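Summary of structural features
Residues per chain are reported as follows:
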Amino acid sequence: MQTERRTSISEEELVDVYRRCIGPLYSYTSRRIGGERQLAEDIVQEAFLRGLSCWHREGLPRSPLAWLKTVASNLLASHYRRVQPKRLEEIPWEPEATAWEPAGREEAALLGRGLSRLSESQAHLLEAFHFEGKRVRELAQEMGISERAVEGRLRRARAALRRALEKIFA
């Protein structure tokens with residue numbers, strides 16, 4: 001799917017995009033790194049810098065926040081590849097729990113590395129359910145499928161995440 005872009009962008013538009021996107025982007029990033037403020041700020045700053053560079057050349061994307069989240073996600077995945085997390089057995093995480101948030105940088109690194117090895121749809125589903133607190137019914141409506149199908153996809157995504165985490169330490 002191609003994104004419609006306008007090729008000209010004013011400084012006022014950039015300021016408006018920044019004001020609309022900074023909070024949601026920081027929240028998105030912070031949840032994925034265990035609340036480590038400095039790292040979240042660095043990732044958000046780098047995402048915006050890349051956005052400014054790209055948008056001046058190619059124009060503003062139709063959904064700047066989605067574009068920024070994609071960049072932030074890629075930056076986080078790159079960061080997590082460089083960080084050596086704790087052993088899987090040391091992390092108190094139960095994948096069947098409905099809500100879990102990493103307690104620190106090492107746990108966030110482990111989770112980030114695992115999520116980066118999943119398909120985009122599986123990672124998005126786990127993030128929406130566990131980090132954003134969306135319920136099965138809400139996800140089913142968004143995805144246009146039954147609640148039972150969402151539950152099955154969650155189960156398979158959790159199993160895939162567990163396998164990905166186990167491979168990290170194999």
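Residues numbered from 1 in each chain as written. Predicted model: local features only at pLDDT ≥ 70, side-chain atom pairs only at ≥ 80, totals over all residues. Heavy atoms only, no water.

1. Thoughts on the overall build of the protein
Rules: Helix numbering and strand numbering both begin at the N terminus, where a helix is a DSSP run of H or I of at least 4 residues and a strand a DSSP run of E of at least 2. The classification of residues rests on relative accessible area computed with a 1.4 Å probe and restricted to protein chains. Under 20% of the type maximum is buried, over 50% is exposed, and intermediate values are partly exposed. Every residue pair with non-hydrogen atoms within 4.5 Å of one another is taken to be in contact. Only the protein chains shown count as cover for residues, and the accessible areas themselves come from Shrake-Rupley with a 1.4 Å probe.
Scanning the protein from N- to C-terminus turns up seven helices and two strands. Each helix and strand of the protein, ordered N terminal to C terminal, gives the series β-α-α-β-α-α-α-α-α. When each of the 170 residues of the protein is scored for burial, the buried share is 43%. Taking all contacts inside the protein whose residues are at least 6 apart in sequence as the whole, residues at least 24 apart take part in 68%. With the model as given, the accessible surface of the protein reaches about 10000 Å², and the carbon-plus-sulfur share is 47%.

2. Let's talk about helix α6 (residues 136-143)
Spelled out, the test is: It is the directions from the helix axis to the C-beta atoms that the arc portrays.
Every buried residue of α6 is accounted for by Val-136, Leu-139 and Ala-140. What you see down the axis of α6 is that its buried residues fit within an arc of 100°, all on one side. Those residues of α6 that are exposed and angled more than 90 degrees off the buried face are Arg-137 and Gln-141. Phi turns positive one or two residues past the end of α6, at Gly-144, with a value near 70°.

3. Observations concerning the side chain of Lys-134
Using the following cut-off: Under the rule applied, a polar contact is a pair of N or O atoms within 3.5 Å (in protein, one hydrogen donor and one hydrogen acceptor; residues adjacent in sequence only if both atoms are side-chain atoms).
Among the structural elements, Lys-134 can be located in the loop between α5 (120-131) and α6. Polar contacts involving the side chain of Lys-134 include one to the side chain of Glu-142, which spans 3.0 Å. Aside from chain neighbours lying at most four places away, what touches Lys-134 is Ala-128, Phe-129, Leu-139 and Glu-142.

4. Topic: the packing of α5 against α6
Operational definition: Axis definition: a line fitted to C-alpha atoms, limited for helices to the stretch in contact. Angles are taken between N-to-C directions and run from 0 to 180 degrees. By convention, the crossing between two helices is left-handed when the near helix turns anticlockwise from the far helix through less than a right angle, and right-handed when the turn is clockwise. Charged residues are taken to be Asp, Glu, Lys and Arg, nonpolar residues to be Ala, Val, Leu, Ile, Met, Phe, Trp, Tyr, Cys and Pro, and polar residues to be all remaining types, Gly included.
For the pair α5 and α6, interaxial distance at closest approach is 10 Å and the crossing angle is 145°. Of the two elements, α5 crosses α6, and the hand of that crossing is right-handed. Together, Leu-125, Ala-128 and Phe-129 of α5 and Val-136, Leu-139 and Met-143 of α6 make up the contact between the two elements. Partitioned by chemical class, the residues of the contact of α5 with α6 number six nonpolar, no polar and no charged.

5. Comments concerning helix α1 (residues 11-32)
Keep this limit in mind: Here a helix's expected span is defined as the number of its residues, less one, multiplied by 1.5 Å.
Under the 1.5 Å per step criterion, the end-to-end length of α1 is 30 Å for 22 residues, consistent within 8% with the ideal 32 Å. Of the residues making up α1, those classed as buried are Leu-14, Val-17, Cys-21, Leu-25, Tyr-28, Thr-29, Ser-30 and Arg-32.

6. Concerning the pattern of salt bridges
Note the following rule: Note on definitions: salt bridges are taken to be side-chain nitrogens of Lys or Arg within 4 Å of carboxyl oxygens of Asp or Glu.
A complete count under the given rule lists five salt bridges for this structure. With a closest N to O distance of 3.0 Å, Lys-134 and Glu-142 form a salt bridge. Exposure remark for Lys-134: the relative accessible area of 19% places this residue in the buried category. According to the relative accessible area criterion, Glu-142 is partly exposed, its value standing at 47%.

7. Re the side chain of His-130
Residue placement: His-130 occurs in helix α5. A distance of 3.4 Å separates polar atoms of two side chains, one belonging to His-130 and the other to Arg-158.

8. Overview of a positive patch on the surface
As a reminder, the rule being used: Residues form patches when they are more than 30% accessible in relative terms and have no salt bridge. Like charges link within 9 Å. Nonpolar side chains (Val, Leu, Ile, Met, Phe, Trp, Tyr) link within 5 Å. By the counting rule applied here, Lys and Arg register as positive and Asp and Glu as negative, while His and the ends of each chain are not counted. Here the site of a charge means NZ on Lys, CZ on Arg, CG on Asp, or CD on Glu.
On the surface, Arg-148, Arg-153, Arg-155 and Arg-156 cluster together to form a positively charged patch. Within the secondary structure layout, Arg-156 lies in helix α7 (residues 147-168).

9. Comments concerning the packing of α1 against helix α2 (residues 37-58)
Angle between the axes and distance between the axes: these two values describe a pair of packed helices. Packing of α1 against α2 brings their axes to within 10 Å, and their N-to-C directions diverge by 145°. Here the hand of the crossing between α1 and α2 comes out right-handed. Every residue of α2 that contacts α1 at Leu-14, Val-17, Tyr-18, Cys-21, Ile-22, Leu-25, Tyr-26, Thr-29 and Ser-30 is listed here: Arg-37, Ala-40, Glu-41, Ile-43, Val-44, Ala-47, Phe-48, Leu-52, Trp-55 and His-56. Broken down by class, the residue content of the contact of α1 with α2 amounts to 14 nonpolar, three polar and two charged.

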